[in-house]
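Listed below are the residues making up each chain.
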Amino acid sequence: MTEVSLLNALSVSIGGDTEGLLRAAASLRGQGFVEALRFDWNDVALRGWRALDAREVEGHEESCSVRTADGFACCVGPLWYRGAFGREALQRLIDDANARRPRGPGGVALPGRIDATCLRGSHAIFLQRGDSAWLWNDAPGFVHVFGTDDGRFHSTSWLAARAYMGNSEIDEDAAIEYVLLGASHSERTVAAGVQQLPLGHAVNLPSRRLHRWLPAEAWACEVPPRSEDEAKEAIAAHLRTVFDEIATAFRGRTRAALSGGFDSRMIVAGLLDRGERPELFVYGDASSSDVAIALEVARAEGLPLSAVDKDALNARLRPPDLDALVASARFFDGLPNDGVLDPGADRQTRIAQSADGHIALNGGGGEIFRNFFHLLDRPFAPRNVVRAFYRTFDARCLRRPRALERYQRRLADSIARSVGGTGADGRLQRQQIERVYPLFRCHYWMGVNNGVAVRSGWFATPLVDLELVRLASTLPLSWKNAGALQSRLIEALHPGIARHRSSYGFRFSEGPDARARRSEWATRIRPVLARPLINATRRRLQGVGVSANLLSRYRALLPGEWRLDPALDLQRLPDEAAFSRALSVELLARGLVE
């Protein structure tokens, strides 16, 4: 076995059904992967896969696999561990896995002295040493790992795990969440019999058992910052470490999105602070404020910028027919956030972002530094968090009896599990509520995007990791409201980049003005119980929904009753992205995507 510089997917079997394994391998090939790595140990068989578009780049030394006399390790996605990247990080994992440590009262989940606080990046890791082998992912779980009910097959590809099961049965509750929210928000997935690796868990492969290596209390900060200045310094110091690691591993090979918002500006500030000059890109047409601001910033800082109008690009392509929909589903692993109705622009831009061995950096998750749910500073029950944020649709689209109650209960219970709560109606303290965003919203929703992104090349969302969540969840809301502290963080990283205007009407170097604070306050004071009604009024005024032409076109392409028709009124879905997701489910239910 030789070392592999880049893996985009992996599959692991423990014995398992021979026919199922053949189906899973065929699925991965159908998704555009070629087998690049094999490792067999006892009855554990690992296969590493590379995307055809993710070509080797001469002169790049990073590696996604390493074998030593002490063991073997590989990863999908970028991995930093104890300051090292790629092969060196994997080597240090093997070394630490071989180090002995006393077993605590509850045992340990990861082997040896592996330090979870030193793991960074969006990745899934396989590690074998001695008589043990483990599979786990990054702390926030942004590269999802899927397992089958028999416990014998795991993969970073949901379609591969589903193919192993060999049936098209749909988990209706998970499918409803996917259609309405852009992702299933529990360990259950749209495929019956396929589960997602729970947050903070690892698979002990020989025993086929799950072990919790990162308990809910691990996300709590033991000594919160005592002042806003202390918080700024602590967070900025950690961000400098993160961006220094990225710049060292990918010197001259970084690309980053830039818009008018906080998070993309923070990414660019962090890279510039570490001496890296990233290639920038922005999506939108010539009238977009994001494009105008990005052009202004890039010009002033002397950075290359590519502006791409996805709508114009798609307008030159034909609306997807059945073959194109199936190809889209395979590229996006079946269930993308926005569904399968992509004429091609999304796929093209994703491949371009990480082409030529570059790493694409995205500001996703930067809202940990702001009051994401716009809630008042007090405890809330998980059920009220659901009402505040996850009730943006017309309840009449749910057709089953008591379906809304079931939907809200499932989400609330999942929120409670994510942050160590006691159930749908138990009170969450303020710090727990602040962790709902990274550990629930980002874990399930953003993780879909990250998982798709690493299928094409290097990709990371460096504004969310274990230490940053710990720090951010302890901050008083008065520091987070309207982006006050985050503005100061951007200026601390790079004063020059902070002086340019933003899409919020103020410069980050000056912080939120009175208008921005009033606007944020007006959103924050809206009663939670009234927010579904407010959302309904907004939908009526804006006239959003699914166009009759879109419905008729794809109903004609796939005639007959759709799998979700008994559960959802597709005409009442909140937008065309939701319909696109319902279409994704229908392709799967009919066995058109394998």
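Use the structure listed above.
Quantities reported herein were computed from a predicted structural model and do not represent experimental measurements.

Trainee: Report on the packing of aromatic side chains, specifying residues and quantitative values.
Mentor: Scanning the model with the defined rule gives 24 aromatic pairs in all. Seen in terms of ring centroids, F250 and W458 are 5.6 Å apart; in terms of plane orientation they differ by 65 degrees. Their pairing is edge-to-face. A residue pair is termed long-range when its members are at least 10 positions apart, and F250 in the loop between α5 (228-249) and β16 (254-257) and W458 in strand β20 (residues 458-460) qualify at 208 residues. Taken as a pair, F250 and W458 share a single burial class, namely buried. Where F372 meets Y437, the ring centres are 4.2 Å apart and the plane angle is 35 degrees; that geometry is what we call tilted. Taken together, the positions of F372 in the loop between β19 (359-361) and α11 (382-389) and Y437 in helix α13 (residues 430-453) put the pair 65 residues apart, joining distant regions of the chain. Relative accessible area serves as the criterion here: at 6%, Y437 is assigned to the buried category. Taken together through their ring pairs, the aromatic side chains of F372, F373, F389, Y390, Y437, F440 and Y444 make up a single cluster. The ring of W445 carries R441 above its face, with NZ or CZ at 4.6 Å from the centroid. The residue whose ring lies beneath R555 is W562, and the NZ or CZ to ring-centre distance is 4.9 Å.

Trainee: Go over the pattern of salt bridges, please, and point to the residues and values.
Mentor: Counted under the stated rule, the structure contains 39 salt bridges. A salt bridge links D17 to R23; its shortest N-O distance comes to 3.8 Å. Between R347 and D342 there is a salt bridge, and its shortest N-O distance comes to 3.0 Å. Each member of the salt-bridge network shares a partner with another, and the members are D394, R396, R399, D569 and R572.

Trainee: Quick rundown of a nonpolar patch on the surface? Include the residues and the values.
Mentor: On the surface, a nonpolar cluster with roughly 270 Å² of combined accessible area is contributed by L376, W521 and I525. Mapped onto the elements, I525 comes out in the loop between α18 (514-524) and α19 (531-542).

Trainee: Just give me the short version of the environment of A73, but keep the residues and values in it.
Mentor: If you trace the backbone, A73 turns up in strand β5 (residues 71-76). Separated by 52 residues in the primary sequence, A73 and I125 place their C-alpha atoms 7.3 Å from one another. The contact partners of A73, leaving out residues within four places of it in the chain, are C64, S65, V66, L90, I94, F126 and L127.

Trainee: Please give an account of unusual backbone geometry that cites residues and values.
Mentor: Backbone geometry places N42, a non-glycine residue, at a positive phi of 50 degrees. With a relative accessible area of 67%, N42 lands in the exposed category. The phi dihedral of H374 is positive, around 55 degrees, even though this residue is not glycine.

Trainee: How would you explain the sheet that holds strand β8 (residues 119-120) if you had to name every residue and give the values?
Mentor: Strands pair in a sheet through their backbones, by hydrogen bonds, and they do so in one of two ways: parallel or antiparallel. Strand order across the open sheet formed by three strands is β7-β6-β8, with antiparallel pairing between neighbours. Lying at the two open borders of the sheet, with one neighbouring strand each, are β7 (84-85) and β8. Note: strand β6 (residues 80-81) against β8, two bridges, orientation antiparallel. Residue pairing in the sheet places Y81 in a bridge with L119 of β8.

Rules used in this analysis
- Residues numbered from 1 in each chain as written.
- Predicted model: local features only at pLDDT ≥ 70, side-chain atom pairs only at ≥ 80, totals over all residues.
- Heavy atoms only, no water.
- Phe/Tyr/Trp six-rings, centres within 6.5 Å; stacked < 30°, edge-to-face > 60°.
- Helix = DSSP H or I, 4+ residues; strand = E, 2+ residues; numbered from the N terminus.
- Buried < 20%, exposed > 50% of the residue type's maximum accessible area, 1.4 Å probe, protein only.
- Lys NZ or Arg CZ within 6 Å of the ring centre and 35° of its normal.
- Salt bridge = Lys/Arg side-chain N within 4 Å of Asp/Glu carboxyl O.
- Patch = residues over 30% accessible without salt bridge, like charges linked within 9 Å, V, L, I, M, F, W, Y side chains within 5 Å.
- Areas by Shrake-Rupley, 256 points an atom, 1.4 Å probe, with all protein chains shown as cover.
- Contact = heavy atoms within 4.5 Å.
- Pairing = 2+ DSSP bridges.

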